[in-house]
Amino acid sequence: VLSAEAQLAERVLEHIAEIGAGKCSITDASIAAEPDASTQEILAGLLMLYEDLRYAQQRQTALLDELREAIRARDDFLSVASHELRTPITTLTLQIDGLSRIMREQVPPACLEKTGRRLEMTRRQVDRLTSLVGTLIDVSRITAGKVTLSRQRADITEVLRSVVERSCEDTAHAGSALRFEGAGPIWGNFDVSRVDQVLTNLLSNAIRYGRGKPIAVGVVAEGEDVRFWVEDHGIGIAPEHQGRIFQRYERAAPSTNYAGLGLGLWITQQLLEVMGGRISVKSELGVGSVFTVELPRGE
Amino acid sequence: MTPDILIVDDDPDLRETLQLLLEDCGYHVDVAENGRVALDHLRADAHPRLILLDLMMPEMSGWEFLDRARADRTLSSIPIVVMTAHRGPSQPPVQGQDVLYKPFTRANLLAAIERRAGVTVS
């Protein structure tokens, strides 16, 4: 036969187990029915503990709901804002087109050089705005899980080569030589504009962090897959930063020295995931980086 | 004069930019600031050879205009080019229409018009 203390201890343990499971059979009435004052006190303490716990849980649920709502509002705002920006950019783009045409036909040659340079600069800045807005729209689409692919049969060597050719001017401007190594056609079902975007992103990083050293782009077929890479001999990435550069807003280089949103590699990695591919990096600080993409040919 | 193109857009600057651009190319252009005004023009005047339609507009949106135009036998044969900033599955569908995604260039615009209406710069 258990002593009264041992019985009480056992009851308390049972109540604690009950409270742990989110239930409580102690009530004000059941406390009042206890003959012993110290037992009443212990049970009242347990009931209070249970009520505090329940309140904390409700508060946590409410905070989680608020948090989800805040994230949804942020994502909605990002989507609306980035789309809203496209209309003024359209007007600007068309007006610049119109101004260039008028200038070519009507502005006297003496004036043309000065105004032409200014207009060209304006156009470059509008292009930059367009690309920043494109980045925001991509982020919003990726966050909402709404990236859609439009695959078509294409030769990826040709797709990559055309990106490289388009980038020649920027690379030359940065002082880097740009080489493309691609043997023959590699056919597959690809989302051409997304593949273009992936290489454009990687190349713009190679140019930005490339210190004017040579940059090489290559592609090979590997069974069912295709592998392409961008190699630079720039500032490189320290081993401790290599893991986080694919995360959102993360960048290895200090944002005080290099412009950008810190979203390029995150978008690249997310897009590749949607396409069933992956990206990896090999890099050494002060020596350079190689970003390698593997993509199923989907045939 | 019968317009070649009816521009329906609530943004006054973009509307005027498009109008100037297309008039420079020799098109006769009519403008409306939303779907309702566009319908009024279409009921009162001769039909254009093509409609250039924005989607997000107050009073009557481009989507509603599309529904009305499709349901009206006198309007359903007019080719429509839709201008939108939205791309992807989150946008309400604009099936069967040519879509110009903003921002577009002069060349994109003229190509879309020629493709849809077979109208070439005169």
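Here the structure is shown first, and the text comes after it.
Counting 40 residues, the largest nonpolar core has Ile156(A), Leu199(A), Leu203(A), Phe228(A), Phe291(A) and Leu295(A) as the members making the most contacts within it. For this core, the element with the highest residue contribution is helix H7 (residues 192-208) of chain A, accounting for 7 residues. Contact partners of Leu295(A), with chain neighbours within four places excluded, come to Ile156(A), Phe190(A), Val195(A), Asp225(A), Val226(A), Phe228(A), Leu272(A), Met275(A) and Gly277(A). Judged by nonpolar contacts, the second largest core, of 20 residues, contains Leu21(B), Val29(B), Phe104(B) and Leu110(B).

Taken together, the 18 residues of chain B in the interface contact 16 residues of chain A. By the criterion of area lost to chain A, the three top residues of chain B are Thr17(B), Pro103(B) and Arg106(B), representing 32% of everything that side buries. Along the contact surface separating chain B from chain A lie 0 salt bridges. A total of 5 residues in the side of chain B that touches chain A trace back to one element, the largest contributor, which is helix H1 (residues 12-24) of chain B.

Attention now moves to a positive patch on the surface. Side chains of Lys114(A), Arg117(A), Arg118(A) and Arg124(A) sit close together on the surface and give a patch of like positive charge. Looking at the secondary structure, you find Arg117(A) in helix H5 (residues 109-143).

With respect to the secondary-structure elements, Ser140(A) resides in helix H5. Once residues within four sequence positions are removed from consideration, Ser140(A) is found in contact with Leu78(A) and Ser79(A).

Take unusual backbone geometry next. In this structure, the amide linkage connecting Lys102(B) to the following residue, Pro103(B), adopts the cis form with an omega of -5°. Relative to the assigned elements, Pro103(B) resides in the loop between strand S5 (98-101) and helix H4 (106-117). Despite not being glycine, Arg211(A) has its phi angle at roughly 50°, a positive value. Within the element layout of this structure, Arg211(A) appears in the loop between H7 and strand S4 (215-222). Judged by its relative accessible area of 45%, Arg211(A) is partly exposed. With a phi close to 70°, Glu59(B) is a non-glycine residue in the positive phi region. Inspection of the secondary structure assignment puts Glu59(B) in the loop between strand S3 (50-54) and helix H3 (62-71). Taking the relative accessible area as the measure of exposure, Glu59(B) reaches 61% and is therefore exposed.

Calculation rules
- Residues numbered from 1 in each chain as written.
- Chains lettered and ligands numbered in written order.
- Predicted model: local features only at pLDDT ≥ 70, side-chain atom pairs only at ≥ 80, totals over all residues.
- Heavy atoms only, no water.
- Core = buried A, V, L, I, M, F, W, Y, C linked by side-chain atoms within 4.5 Å.
- Buried < 20%, exposed > 50% of the residue type's maximum accessible area, 1.4 Å probe, protein only.
- Helix = DSSP H or I, 4+ residues; strand = E, 2+ residues; numbered from the N terminus.
- Contact = heavy atoms within 4.5 Å.
- Buried area = accessible area lost by both parts, 1.4 Å probe.
- Salt bridge = Lys/Arg side-chain N within 4 Å of Asp/Glu carboxyl O.
- Patch = residues over 30% accessible without salt bridge, like charges linked within 9 Å, V, L, I, M, F, W, Y side chains within 5 Å.
- Areas by Shrake-Rupley, 256 points an atom, 1.4 Å probe, with all protein chains shown as cover.
- Lys, Arg positive; Asp, Glu negative; His and termini not counted.
- Charge placed at Lys NZ, Arg CZ, Asp CG, Glu CD.

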